[in-house]
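Listed below are the residues making up each chain.
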Number of protein chains: 2
Amino acid sequence: MDPGVADVTVRDAVTVRDTATRGTATRDVTLRDVARASGCSVATVSRVLAGTRPVGADTARRVRAAAEELGYRPNHAARALRSRATGTVGLVLPQITNPFYPALVRELTHALHAEGRAVLLADCDDDPVAEAGYIDDLLARRVDALLVVPADERRSRDAVAAAAARVPLVLMDRGCGPGVADSVAVDNSAGMALVLDHLAATGRRRVWFVGAEGTASAAAERRAAYAAGAAVLDEGAAGRIALGDFSVAWGRAAVDLVWEARPDALVCANDLIAVGALQRLQQLGADVPGDVAVTGFDDIPMAALAAPGITTVRQPVPELAAEATRLLNQRLAGGEEGPQRAVRLAPELVVRESSGPRPTAAGDERGAEAAPGDRRGPAEAPGRATRVPAPRQVTGPE
Amino acid sequence: MDPGVADVTVRDAVTVRDTATRGTATRDVTLRDVARASGCSVATVSRVLAGTRPVGADTARRVRAAAEELGYRPNHAARALRSRATGTVGLVLPQITNPFYPALVRELTHALHAEGRAVLLADCDDDPVAEAGYIDDLLARRVDALLVVPADERRSRDAVAAAAARVPLVLMDRGCGPGVADSVAVDNSAGMALVLDHLAATGRRRVWFVGAEGTASAAAERRAAYAAGAAVLDEGAAGRIALGDFSVAWGRAAVDLVWEARPDALVCANDLIAVGALQRLQQLGADVPGDVAVTGFDDIPMAALAAPGITTVRQPVPELAAEATRLLNQRLAGGEEGPQRAVRLAPELVVRESSGPRPTAAGDERGAEAAPGDRRGPAEAPGRATRVPAPRQVTGPE
DNA sequence: TGCGATGCGGCAAACGTTATCAGCGGGCCA
DNA sequence: TGGCCCGCTGATAACGTTTGCCGCATCGCA
């Protein structure tokens, strides 16, 4: 029909920088090329490929065939310029090397890619100033939306609020002051309650909390939840609190502070603290869980890999990611006027050896099943873990 | 001078979706606005802001002032469309949850952001098919270049090669068959040699290698380097090899396979294997390092945090990132015709407790200095680590 | 058979930059 | 003093899409 089809890919061949490696680069095919090949107009091609408006059945077929044959790939830059949407989401993290975030990044990127978006990543190294810079850059790059785990409860606030005024923005994991933007996080109180219930049920009575100072949501909420729930165990528990930061080093140090009080359980505000505490306890010759139970929070990979495996509160990472993207999509779909929403998801208690039963003087009954042969299994701790979900999702308006 | 300045930001105010949260959004300022405000043409403004061509001193000043005052931010989409360069780099990873990669991502993003680029991240979940899809998408988004850690030595090859034909591409960490693209990785042989030298110097003689099967570069090169270097220790060492995969589970299982042979050192092909081996050894009541030394490879955070800390080969992550960006920039600057380059960087041995001296029946002499007080320190293992660099960087043409 | 509605397709104008080309002064040299 | 060159600036045409608007058949209905 149209004799000009065959030469489309060759015509106008532009030698970009001639020479070797990249070969003789031809212009990449545009809508115009597809239009010419399929014998209709650019507008029609655009419509059938983007599906924006119904178009005749066999015209559509011709277009699709031509596009396929020429290997047409839409130019996102042009599309972004014209339609004012890049199909891109910015993800701003405080520290990708914090062992909790890789799993979150994984789930977020998968969820977003599944709906055709791409993810621009920024790691701001726990520096709110750098964070503000990255946010600015991402906005200049015209991201459609932002996902932010703020570096600092207070000092991130201005930049985040300013960004939230320009694009849909969802805070994750950490708060950033009230009324700034939609947010998604784990229900820290429910998680702490799961831990305390478990310890109560297994007969622990002299419990200490090893937490972190500061006003960041994880630190403050877990601390408060412990204080509120521990009184049930015994009178003094609510007051037995040692505060440092969220590090392994502090976990080690804390043991030296509280060990002479002979606790029978250490409730740590996150897994890193628990790892440190466990190490120091073992150095001191304590039997975990015989003498003392240790629990963490977050369920980072290391918690499962420690020996004994650490009982911890697992954050529902896939659900957090799904909820965050859901919120984003809702805002992007025009729900910009709705009230801000703070979603809290229920965590799950993962019971491992570090809080096992006290009397059954744990000998070597476990680990035997980790025989050579099951090399392919996931890197789980040898002992079997029991999972206890919290009551279902709590979503509250601000 | 120009009385029309003040109304620039207000004129043409377009209510994007009117209503609440986002406020009444005004058009964002363009070159035209700056031009009008500074009383010159768009072309001139573009020139002074992009610095593409010299422009009169005070014109430049006027333009910059106007841009500043109006809060002009260049539109990357338009720029990308016109200049055929997006200022973005695609980063394709096999598994962000692999504990070695977060540090790499961190360094890469910092290095790239420092030169004004943004990073599009894709995690392909160890699936070469998904990987090909992500690469395709990134190319359609017109990334200027790609950084790829291929998921599979063989099955990633076609997609990577095809991509390398379209944009500058640097392979990292893992190979992808010969002649595909520039690559940057650690010198696995040198690393293994460091380990073997160290073990020889500390009197270990009955050494076993716990490695991984397969043809991937890390597995094959470390295996080969062990076989080549172990003969120096004693006659049989080169043959004492157990192969599984790169997991904690295999590390545990391997101990059960080799323990009855009473080795005095286990050389593990990476840190995850070493963690598993260490756990199982401790379960069996073995003294590490008294009875047996354990070494790893990579220096993931967990290696420092294990108790005892694991002696390992540290990959020079910042240097790997710097080298990769250097290679990219070189290609982007037009060096597309040069021969492919395979850069190998020298690693460093980090000696921790797991390979400590044998005789000094390690009691509790360490750990005491981890007194409460130094809560702020980095999450390092309590014992002091010694670092031994390998001879300097080896870069070889393909 | 005439007329409005409807469905499909084309034309052309944006989107905000960069790059090419030409104009227009002023200085320098003859 | 006239011609040339050069340094600076302004118009303007792209870059590849999307989209509003209009025309043209076709179809149903009276």
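Each remark here, short or long, concerns the structure printed above.
Residues numbered from 1 in each chain as written. Chains lettered and ligands numbered in written order. Predicted model: local features only at pLDDT ≥ 70, side-chain atom pairs only at ≥ 80, totals over all residues. Heavy atoms only, no water.

Visitor: I keep staring at the environment of A:Leu243 and nothing clicks. Help me out?
Guide: Residues and elements named next belong to chain A. Take Leu 243: it is sitting in strand 7 (residues 241-244). With a relative accessible area of 25%, Leu 243 lands in the partly exposed category. Each C-alpha atom of the pair Leu 243 and Glu 221 lies 13 Å from the other, and the pair is 22 residues apart in sequence. (Helix = DSSP H or I, 4+ residues; strand = E, 2+ residues; numbered from the N terminus. Buried < 20%, exposed > 50% of the residue type's maximum accessible area, 1.4 Å probe, protein only.)

Visitor: Looking at this structure, how should I read the pattern of salt bridges?
Guide: All names here are of chain A. For the structure on display, the rule yields 34 salt bridges over all chains. The salt bridge partner of Asp 182 is Arg 331, with a shortest N-O separation of 2.7 Å. One end of the pair, Asp 182, is in strand 5 (residues 182-186); the other, Arg 331, is in helix 13 (residues 317-332), with 149 residues separating them in the sequence. As far as the burial class goes, Asp 182 and Arg 331 line up, both buried. Several salt bridges converge on common partners, so that one network encompasses Asp 299, Arg 314, Glu 348 and Arg 352. (Salt bridge = Lys/Arg side-chain N within 4 Å of Asp/Glu carboxyl O.)

Visitor: Quick question: what am I supposed to make of the protein's contact with DNA strand C here?
Guide: If you check the shell around DNA strand C, you find 26 residues, and the closest are A:Thr44, A:Arg53, A:Gly56, A:Thr59 and B:Ser46. Here DNA strand C approaches the protein such that, of its atoms within 4 Å, sugar and phosphate make up 57%. One nitrogen or oxygen atom from the side chain of A:Ser41 is found 2.8 Å from a phosphate oxygen belonging to DNA strand C. Contact between DNA strand C and A:Gly56: a phosphate oxygen at 2.6 Å from a main-chain N or O atom of the residue. Among the elements of the structure, helix 2 (42-50) and helix 4 (76-83) of chain A together with helix 2 (42-50) and helix 4 (76-83) of chain B are those that each provide at least two residues to the surface near DNA strand C. (Near = heavy atom within 4 Å. Polar contact = N/O pair within 3.5 Å; in protein donor to acceptor, adjacent residues only side chain to side chain.)

Visitor: Can you walk me through the sheet that holds strand 8 (residues 265-268) of chain B in this structure?
Guide: Strands belonging to one sheet form pairs held by backbone hydrogen bonds; the direction of such a pair is parallel or antiparallel. Residue and element names in this part refer to chain B. Taken in spatial order, the four strands line up as 7-6-8-9 in an open sheet, and their pairing is parallel. Whereas interior strands pair on both sides, the edge strands pair on one side only; in this sheet they are strand 7 (241-244) and strand 9 (293-295). Each strand axis lies, on average, 15 degrees off the axis of its neighbour in the sheet, ignoring direction. Sheet analysis places strand 6 (residues 207-212) next to strand 8, joined by four bridges and oriented parallel. Bridge pairing links Val 210 to Cys 268 in strand 8. The strands touched by helix 8 (residues 188-201) within the sheet are strand 6, strand 8 and strand 9, with strand 8 carrying the most contacts at an inclination of about 170 degrees. (Pairing = 2+ DSSP bridges. Axes fitted to C-alpha atoms, helices over the stretch in contact; angles between N-to-C directions. Contact = heavy atoms within 4.5 Å.)

Visitor: Any chance you could explain the packing of helix 8 (residues 188-201) of chain A against helix 9 (residues 217-230) of chain A here in plain terms?
Guide: A pair of packed helices can be characterised by two numbers: the angle between their axes and the separation between those axes. All names here are of chain A. Running from N to C, helix 8 and helix 9 point in directions that differ by 45 degrees, and their axes come no closer than 8 Å. Considering their axes alone, helix 8 and helix 9 lie oblique with respect to each other. Classified by chirality, the crossing of helix 9 by helix 8 is right-handed. Facing helix 8, whose interface residues are Asn 188, Ser 189, Met 192 and Leu 196, helix 9 presents Ser 217, Ala 218, Glu 221, Arg 222, Ala 225, Tyr 226, Gly 229 and Ala 230. Of the residues contributing to the contact of helix 8 with helix 9, the split by class is six nonpolar, four polar and two charged. (Parallel < 35°, antiparallel > 145°, perpendicular 65-115°, else oblique. Left-handed = near helix turned anticlockwise from the far one by under 90°. Nonpolar A, V, L, I, M, F, W, Y, C, P; charged D, E, K, R; others polar.)

Visitor: Can you help me understand the sheet that holds strand 7 of chain A in this one?
Guide: Residue and element names in this part refer to chain A. Spatially, four strands are ordered 7-6-8-9 in an open sheet, and the strand pairing comes out parallel. For this open sheet the edge positions go to strand 7 and strand 9 (293-295), each flanked by a neighbour on one side alone. Averaged over all neighbouring strand pairs, the angle between strand axes comes to 15 degrees, with direction disregarded. Where strand 6 (residues 207-212) and strand 7 come together, four bridges link them in parallel fashion. Paired with Gly 211 across the two strands is Leu 243, which belongs to strand 7. Contacts from helix 9 reach strand 6, strand 7 and strand 8 (265-268), with the element oriented near 165 degrees to strand 6. Sitting on the sheet, helix 11 (residues 271-283) touches strand 6, strand 8 and strand 9, and the angle it makes with strand 8 is about 150 degrees.

Visitor: Before we go on, may I ask you to explain the protein's contact with DNA strand D in this structure?
Guide: In the neighbourhood of DNA strand D, 26 residues make up the surrounding shell, with B:Thr44, B:Arg53, B:Val55, B:Thr59 and B:Arg82 lying closest. Protein-proximal atoms of DNA strand D, defined as those within 4 Å of the protein, fall in sugar or phosphate at a share of 59%. Between A:Leu31 and DNA strand D, the recorded distance is 2.6 Å, taken from a backbone N or O atom to a phosphate oxygen. With respect to DNA strand D, the side chain of B:Thr44 contributes an N or O atom lying 2.5 Å from a phosphate oxygen. Elements with a minimum of two residues in the surface near DNA strand D: helix 2 and helix 4 of chain A together with helix 2 and helix 4 of chain B.

Visitor: I'm lost on the pairing of strand 6 of chain A in this one. Help?
Guide: Looking down a regular strand, the side chains alternate between one sheet face and the other. Residue and element names in this part refer to chain A. The element strand 6 is largely enclosed, with a buried count of six among its six residues. Alternating positions in strand 6 separate into two faces, Val 207, Phe 209 and Gly 211 on one and Trp 208, Val 210 and Ala 212 on the other, with burial throughout. Once you follow strand 6 into helix 9 and on to strand 7, the crossover reads as right-handed. (Right-handed = clockwise from strand over helix to strand, strands pointing away.)

Visitor: Please clarify how the state of the cysteines should be interpreted in this entry.
Guide: By definition, a disulfide is the covalent link that joins the sulfur atoms of two cysteine residues. All names here are of chain B. Applying the stated criterion across every chain, the model contains zero disulfides over all chains. In this structure Cys 124 is a free cysteine whose sulfur lies 11 Å from that of Cys 176, the closest cysteine sulfur available. By relative accessible area, Cys 124 is classed as buried at 1%. (Disulfide = S-S within 2.5 Å.)

Visitor: Please clarify how the nonpolar core should be interpreted in this entry.
Guide: Looking at soluble globular proteins, one finds that nonpolar side chains tend to be buried together. Counting residues in hydrophobic clusters, the biggest one holds 152 residues, and the most contacted among them are A:Leu147, A:Leu266, B:Leu147 and B:Leu266. If sequence neighbours within four positions are ignored, A:Leu266 has contacts with A:Trp208, A:Val210, A:Val255, A:Val258, A:Ala277, A:Leu281, A:Val292, A:Ala293, A:Val294 and A:Thr295. Membership of the second largest hydrophobic core comes to 44 residues, among which are A:Ala118, A:Ala122, A:Cys124 and B:Ala164. (Core = buried A, V, L, I, M, F, W, Y, C linked by side-chain atoms within 4.5 Å.)

Visitor: Mind showing me how you'd approach the packing of helix 4 of chain A against helix 4 of chain B here?
Guide: Two elements in contact, helix 4 of chain A and helix 4 of chain B, have axes separated by 8 Å at closest approach and are oriented at 135 degrees. Comparing the axis directions of helix 4 of chain A and helix 4 of chain B gives the class oblique. Regarding helix 4 of chain A and helix 4 of chain B, the two cross each other, and that crossing is left-handed. Residues A:Ala77, A:Ala78, A:Ala80 and A:Leu81 of helix 4 of chain A pack against B:Ala77, B:Ala78, B:Ala80 and B:Leu81 of helix 4 of chain B.

Visitor: Would you mind going over helix 4 of chain A with me for this structure?
Guide: Quick reminder: α-helices carry 3.6 residues per turn. Residues three or four places apart thus point the same way. Within the span of helix 4 of chain A, buried status applies to A:His76, A:Ala77 and A:Ala80. The arc that holds the buried residues of helix 4 of chain A, viewed along the axis, is 105 degrees, so those residues lie on one side. Residues of helix 4 of chain A that are buried make contact with helix 4 and helix 6 (128-140) of chain B. For helix 4 of chain A, the N-terminal capping position is held by A:Asn75, with its side-chain oxygen 2.8 Å away from the main-chain nitrogen of A:Ala77. (Arc of directions from axis to C-beta.)

Visitor: Is there a simple way to explain the packing of aromatic side chains in this structure?
Guide: Given two aromatic rings, one states the distance between the centres and the angle between the planes to describe the pair. On inspection of all chains with the given rule, the structure shows four aromatic pairs over all chains. Both rings, one in B:Phe209 and one in B:Tyr226, keep their centres 4.8 Å apart while their planes meet at 20 degrees; by these two values the pair is stacked. In this pair, B:Phe209 sits in strand 6 while B:Tyr226 sits in helix 9 (residues 217-230), placing the two residues 17 residues apart along the sequence. Note on B:Tyr226: relative accessible area 0%, which makes it buried. Here the guanidinium or amino end of A:Arg222 rests over the ring plane of A:Phe297, the centre of that ring lying 3.7 Å away. (Phe/Tyr/Trp six-rings, centres within 6.5 Å; stacked < 30°, edge-to-face > 60°. Lys NZ or Arg CZ within 6 Å of the ring centre and 35° of its normal.)

Visitor: Could you clarify how one ought to interpret the environment of B:Arg64 in this entry?
Guide: Residues and elements named next belong to chain B. With respect to the element layout, Arg 64 can be found in helix 3 (residues 57-70). Residue class for Arg 64 comes out partly exposed when judged on its relative accessible area of 48%. Distance in space between the C-alpha atoms of Arg 64 and Leu 196 is 61 Å, their sequence separation being 132 residues. For Arg 64, the residues in contact, after removing those within four places along its chain, are Val 48 and Leu 49.

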